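Descriptive analysis of the structure
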Amino acid sequence: MMSASPSGGAAGDHVPVTALSAQELAGVRDNVESACNELAEKSMHIQRLMAVFSTSNRTVQALADSQPGQPLMIPLTESLYVPAKLADSERVLLNIGTGYFVQVGTDAASDYCRRRSAKLEDLLKNINQDLAEKRNGLAQIEEVLNAKIIASRRQEQQQQQQQQQRKAVKAG
Amino acid sequence: MSDLQRQLDREMDAFREAQRELQKIVQARTQLERQSNENDLVMQELARLDDSANVFKLIGPALIKQDLTEAKANVGKRLDFIKGELGRVDSQIKVLQDKAVARQQEIMKLRQRAAGPVGGN
């Protein structure tokens, strides 16, 4: 949240990364890295949600294909099942969020699952694209950072060598 | 410890406090945003139903039958409330941001003064 570090990410950098000091660069890298992790987590979450909708859709379709009176085993707990008969194979209760449930036909329920899935897919595409860009930026930052570190080490070594040479000259 | 140093410490504390508050309120905003999105989705779904549709609301462990128009009105009201809260939180965020920036500038000024007479360190 420090205003000194650009939170926008490296992909659309306004300041060239080479203009920053190694320390600043490390800060930016950490920021971009955590943004990457966040996006990756979001992407995973959306994929899980999509899996839920696709399972629901398949269940609804299986229900639509069955006849009333079809014997079922209903799980009361994980290990206790009770026998039951299907009373209605055409209508289901749809949980549309914030505690609201609506009774709709299987077609409408299936359509709902597909619509939600499609929306999530769009979102997923955007997030994955964002993620790819951020990762690209991250790689660039790391490259520049490594180059800087190597350069500064080389400078140190040179200074040491020069000092030793000077000492040698004095001694000689 | 010099007077300047004490003043700097005080400003730093104030700045951190402002940052903490800002963080808290940004979190609240995300939460409101999420609620707004969810209610929007519910509203869209309710709008697709025909008038004869059965709507239930989960109250505690029970599903209670609701009138569709009433449900729409309730979700609409909820949405309005959330939008209002979002506006309120947004203006709060702005105030806190300005405060944090002002503190930061003050800190920089104090630091410069602290470094100035000694000739920097």
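Residues numbered from 1 in each chain as written. Chains lettered and ligands numbered in written order. Predicted model: local features only at pLDDT ≥ 70, side-chain atom pairs only at ≥ 80, totals over all residues. Heavy atoms only, no water.

The name an unreviewed UniProt entry assigns to chain B is Prefoldin subunit 6, from the organism Raphidocelis subcapitata. For chain B, the Sequence similarities (unreviewed entry) comment in UniProt is given as "Belongs to the prefoldin subunit beta family." (UniProt positions renumbered as here; feature names shortened; annotations may be inferred.)

An unreviewed UniProt entry lists chain A under the name Prefoldin subunit 5, with Raphidocelis subcapitata given as the organism. Turning to chain A, the UniProt annotation filed under Sequence similarities (unreviewed entry) states: "Belongs to the prefoldin subunit alpha family."

Looking only at helices and strands, chain B features two helices and two strands. Here the C-alpha radius of gyration of chain B, 25 Å, is well above what a compact globule of 121 residues would show, namely 14 Å. Each principal axis of the C-alpha distribution contributes one length, and for chain B these read about 80 × 25 × 20 Å. Out of the 121 residues belonging to chain B, those deemed buried represent 26%. As displayed, chain B has an accessible area near 8,200 Å², and 52% of this comes from carbon and sulfur atoms. Once the 21 positive and 19 negative side-chain charges of chain B are each reduced to a mean point, those two points are 6 Å apart. (Helix = DSSP H or I, 4+ residues; strand = E, 2+ residues; numbered from the N terminus. Rg over C-alpha atoms; globule rule 2.2 N^0.38 Å. Buried < 20%, exposed > 50% of the residue type's maximum accessible area, 1.4 Å probe, protein only. Areas by Shrake-Rupley, 256 points an atom, 1.4 Å probe, with all protein chains shown as cover. Lys, Arg positive; Asp, Glu negative; His and termini not counted. Charge placed at Lys NZ, Arg CZ, Asp CG, Glu CD.)

This part takes up the interface of chain B and chain A. Listed as interface residues are 22 residues of chain B and, on the opposing side, 18 residues of chain A. Taking both sides of the interface into account, the surface hidden between chain B and chain A amounts to around 1,900 Å²; carbon and sulfur atoms contribute 59%. Counting across the chain B and chain A interface gives two salt bridges. For B:Glu45, the salt bridge identified is with A:Arg115, shortest N-O distance 2.7 Å. Inspection of the chain B/chain A interface yields seven residue pairs in polar contact (both at pLDDT 80 or more). At the level of elements, helix H1 (3-48), strand S1 (55-59), strand S2 (62-66) and helix H2 (68-115) of chain B are the ones that each hand at least two residues to the side of chain B that touches chain A. Counting residues per element, the side of chain B that touches chain A draws most heavily on H1(B), at 10 residues. (Contact = heavy atoms within 4.5 Å. Buried area = accessible area lost by both parts, 1.4 Å probe. Salt bridge = Lys/Arg side-chain N within 4 Å of Asp/Glu carboxyl O. Polar contact = N/O pair within 3.5 Å; in protein donor to acceptor, adjacent residues only side chain to side chain.)

Moving on to the sheet that holds S1(B). One open sheet accounts for four strands, arranged S3(A)-S4(A)-S1(B)-S2(B); its pairing is antiparallel. In this open sheet, the two edge strands, each paired with only one partner strand, are strand S3 (91-97) of chain A together with S2 of chain B. Each adjacent strand pair in this sheet contributes to an overall mean axis angle of 35 degrees, direction not counted. Relative to S2(B), S1(B) is paired through five bridges, and the arrangement is antiparallel. (Pairing = 2+ DSSP bridges. Axes fitted to C-alpha atoms, helices over the stretch in contact; angles between N-to-C directions.)

Next up on the list: the layout of surface pockets. One number sums up the size of the largest pocket: a volume of about 1,100 Å³. Around the largest pocket, the lining comprises 28 residues; the ones closest to its centre are A:Leu49, A:Arg116, A:Leu120, B:Arg34 and B:Leu41. Going through the elements one at a time, helix H1 (22-65), S3 and helix H2 (106-171) of chain A together with H1 of chain B are the ones with two or more residues in the lining of the largest pocket. At eight residues, the largest contribution of residues to the lining of the largest pocket is made by H2(A). (1 Å grid on protein atoms, 1.4 Å probe; cavity = no way out; pocket = protein on both sides within 12 Å on 5 of 7 lines; lining within 4 Å. Points joined across faces, edges and corners; volume = space filled by probe spheres on them.)

Turning next to the pairing of strand S2 (residues 81-85) of chain A. Residue and element names in this part refer to chain A. Across five bridges, the pairing between strand S1 (residues 71-75) and S2 is antiparallel. Counted as the bridge partner of proline 75 is tyrosine 81 from S2. Between S1 and S2, which pair antiparallel and follow one another directly, the connecting turn spans five residues.

Residues and elements named next belong to chain A. Taken together, the side chains of Leu72, Ile74, Leu76 and Leu80 define a hydrophobic patch exposed on the protein surface, amounting to about 330 Å² of accessible area. Looking at where leucine 80 falls in the secondary structure, it is placed in the loop between S1 and S2. Of the residues examined, leucine 80 reaches a relative accessible area of 44% and is grouped as partly exposed. (Patch = residues over 30% accessible without salt bridge, like charges linked within 9 Å, V, L, I, M, F, W, Y side chains within 5 Å.)

Before going further, it helps to spend a moment on the UniProt feature "coiled-coil region" (unreviewed entry) in chain A. Mapped onto this numbering, the UniProt entry annotates "coiled-coil region" (unreviewed entry) at residues 117-144 of chain A. Counted over residues 117-144 of chain A, helix gives 100% and strand 0%. Its end C-alpha atoms are 40 Å apart.

On to the packing of aromatic side chains, then. Going through the model one piece at a time under the given rule, you end up with one aromatic pair over all chains. Ring geometry for A:Phe53 and A:Tyr112: centres 6.3 Å apart, planes at 75 degrees, overall edge-to-face. With A:Phe53 in helix H1 and A:Tyr112 in helix H2, the pair connects residues that are 59 residues apart, well separated along the chain. Between B:Lys57 and the ring centre of A:Tyr100, over which it is positioned, the NZ or CZ distance is 4.6 Å. (Phe/Tyr/Trp six-rings, centres within 6.5 Å; stacked < 30°, edge-to-face > 60°. Lys NZ or Arg CZ within 6 Å of the ring centre and 35° of its normal.)

At a closest axis distance of 13 Å, the pairing of H2(A) and H1(B) adopts a crossing angle of 145 degrees. Between H2(A) and H1(B) the crossing geometry is right-handed. Only B:Leu41, B:Gln44, B:Glu45 and B:Arg48 of H1(B) make contact with H2(A), whose side of the interface consists of A:Asp111, A:Tyr112, A:Arg115, A:Arg116 and A:Lys119. For the contact of H2(A) with H1(B), the per-class residue count stands at two nonpolar, one polar and six charged. (Left-handed = near helix turned anticlockwise from the far one by under 90°. Nonpolar A, V, L, I, M, F, W, Y, C, P; charged D, E, K, R; others polar.)

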